Amino acid sequence: MTGPQSRAIELQKVLLQVKKPLDQNKSQKMISLLCLVVFFPRLANSAYTVESHQIFARVGDNITLPCRLKHDPSFSFGASSNRIKWSKLEGSDYEIGVLLSMGLHKVTFGRFQKRIHLLEADENDASLLMTNTELKDFGFYKCEISNGMHDSTFEVEIQMQGVVFPYSPHLGRYNLNFHDAEAACLGQDAVVASFEQLYQAWKGGLDWCNAGWLSDGTVQYPITRPREPCGGRRTDAGLRTYGQQNKFSSRFDVFCFTVGFAGHVFFVDGKLTYDEAAEACLAGGAEMAKVSHVFAAWKLQGYDHCDAGWLADGSVRYPISRPRMKCSPAEAAVRFVGFPDKKLQLYGAYCYQAQP
């Protein structure tokens, strides 16, 4: 015998076991009643279910994150008894509150306010509707739904097509604590990359010998060609890790993550100072391209140009998607020239024009 009938019989056995102690004294009665409170939900609980889902989205999309209470309908108490908690997972031990619902009472948190609400297609539905998806929204979410008798947990990953790129500012290598790293990526219209994003970039061929922050507070770097200065020639290819680091005192570079943009990158030829490059972009109805713009155009659109040019952060780079002599002959890459003197050094300009 299974299902509600077997749980009822099992509950009767517990009642018989505690009946005798209930007659002994008031103190023992209280202990027995507490036992009932602990045992009853466990006996009635049909299952604790966990499901995982992936959703692919772009910046600005409206999306639905699925979550449902899975249970025996004969024990349903209606939607008013459901407790729903949505959170965003940041690393292995940190969660950001997204939404909390207890019956008719609902609270949304932080930057998610006014952009999310529950679908509530029926009494067991806890799916989350998210509008105008932002770059920071991508990652892992957890939905926990319970009505006191049944529990379900859904883990949902919002993925997107994008590109990971290493970044260090004009101050030079290893000058960013974790919070500086967040600001540096944000200044490039990007966010600090997650471990999974760096791992996928490594699988796609990313090789970089400078260690950088990831969103979980670890410091790592991807190596596809093992060599002495980068962990040793005899080590395997993979992600080298320094583990968790102090977010305030430790200083490294950073790996940023960005997506494709609704616009295009173009090159202005000439021998220009930094200020002249900025003026040339403005004259073309554009702005100076950021590092994220050039990496996204290179990786996602195959942009290729063999002339070095100024970018908005004062660096000089050029994107090569078709390796050839004098133009990154060994590999496709966004080549980094450096942070030259803005007044004395002359280059072309990379500009970005947003789509109206």
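Criteria and thresholds
- Residues numbered from 1 in each chain as written.
- Predicted model: local features only at pLDDT ≥ 70, side-chain atom pairs only at ≥ 80, totals over all residues.
- Heavy atoms only, no water.
- Core = buried A, V, L, I, M, F, W, Y, C linked by side-chain atoms within 4.5 Å.
- Buried < 20%, exposed > 50% of the residue type's maximum accessible area, 1.4 Å probe, protein only.
- Helix = DSSP H or I, 4+ residues; strand = E, 2+ residues; numbered from the N terminus.
- Contact = heavy atoms within 4.5 Å.
- Disulfide = S-S within 2.5 Å.
- Salt bridge = Lys/Arg side-chain N within 4 Å of Asp/Glu carboxyl O.
- Pairing = 2+ DSSP bridges.
- Polar contact = N/O pair within 3.5 Å; in protein donor to acceptor, adjacent residues only side chain to side chain.

Novice: Describe the nonpolar core, listing the residues and the values that go with them.
Specialist: Counting residues in each nonpolar core, the largest one holds 71 residues, and the members touching the most others are Leu65, Trp86, Val254 and Tyr350. It is helix α6 (residues 291–301) that contributes the most residues to this core, six residues altogether. Here Leu65 is in contact with Ile55, Trp86, Ser127, Leu128, Tyr141, Val156 and Ile158, once residues within four sequence places are set aside. With 11 residues, the next largest nonpolar core counts Leu272, Ala277, Trp310 and Cys351 among its residues.

Novice: How would you summarise the state of the cysteines if you had to cite specific residues and measurements?
Specialist: With the rule as written, the count across this model stands at five disulfides. The disulfide bridge from Cys67 ends at Cys143, spanning 2.0 Å between sulfur atoms. Across the S-S bond linking Cys67 and Cys143, the dihedral sits near -70°, which makes this disulfide left-handed. In this pair, Cys67 is assigned in the loop between β2 (63–65) and β3 (83–89) and Cys143 in strand β8 (residues 139–146), connecting sequence segments 76 residues apart. A disulfide bridge connects Cys185 with Cys256, and the sulfur atoms are separated by 2.0 Å. Between Cys185 and Cys256, the disulfide has an S-S torsion of -85° and is therefore left-handed. Within this pair, whereas Cys185 is found in helix α3 (residues 178–187), its partner Cys256 is found in strand β15 (residues 253–259), the two being separated by 71 residues in sequence. Summarising the burial analysis for this pair, Cys185 and Cys256 share the class buried.

Novice: With reference to specific residues and values, describe the environment of Gly60.
Specialist: You can see Gly60 is positioned in the loop between β1 (48–56) and β2. Separated by 73 residues in the primary sequence, Gly60 and Thr133 place their C-alpha atoms 4.6 Å from one another. Ignoring sequence-local partners within four residues, the contact set of Gly60 consists of Asn132 and Thr133.

Novice: An account of the pattern of salt bridges is requested, with residue identities and associated values reported.
Specialist: The tally for this structure, following the rule as stated, stands at 19 salt bridges. Taking the shortest distance from any N to any O, the salt bridge between Lys85 and Glu95 comes out at 3.9 Å. Of this pair, Lys85 sits in strand β3 while Glu95 sits in strand β4 (residues 95–102), and the two are 10 residues apart along the sequence. When its relative accessible area of 33% is taken as the criterion, Glu95 is described as partly exposed. Its salt-bridge partner being Asp313, residue Arg317 comes within 3.8 Å of it at the nearest N-O pair. This pair shows no difference in class: Arg317 is buried, exactly as Asp313 is. Here the residues in one salt-bridge network are Asp207, Arg225, Arg227, Glu331 and Arg335, joined through shared partners.

Novice: Any details on the pairing of strand β5 (residues 105–108)? Residues and values, ideally.
Specialist: One ladder, built from four bridges, connects β4 with β5; its direction is antiparallel. From the neighbouring strand, Met102 faces β5, where its bridge partner is His105. A loop of two residues connects β4 with β5, the two strands running antiparallel in sequence, and Gly103 in this loop sits at a positive phi of about 65°.

Novice: Which residues make up unusual backbone geometry, and what values go with them?
Specialist: Phi is positive for Lys114, which is not a glycine, with a value near 70°. Tracing the backbone shows Lys114 in the loop between β5 and β6 (116–118). Of note, Tyr174 is a non-glycine position whose phi angle comes to about 60°, a positive value. What makes Tyr174 partly exposed here is its relative accessible area of 22%.

Novice: Go over the environment of Cys256 with me, naming the residues and quoting the values.
Specialist: Note on Cys256: relative accessible area 0%, which makes it buried. Each C-alpha atom, one on Cys256 and one on Ala181, is 8.7 Å from the other, the two residues being 75 residues apart in sequence. Leave out the neighbours within four places in its chain, and Cys256 touches Val163, Val164, Phe165, Tyr167, Cys185, Ala190, Val191, Val192 and Ala193.

Novice: Can you explain the environment of Gln353? Please cite residues and give values.
Specialist: Following the sequence through the fold, Gln353 ends up in strand β21 (residues 347–354). Sequence spacing of Gln353 and Ala262 is 91 residues, and the spatial spacing of their C-alpha atoms is 8.9 Å. Leaving out residues up to four positions away in the same chain, Gln353 has contacts with Gly263, His264, Phe266, Gly284, Gly285 and Ala286. At a separation of 3.4 Å, a polar atom in the side chain of Gln353 contacts the main-chain carbonyl oxygen of Gly284. Looking at Gln353, its side chain comes within polar contact range of the main-chain oxygen of Gly285, at 3.2 Å.

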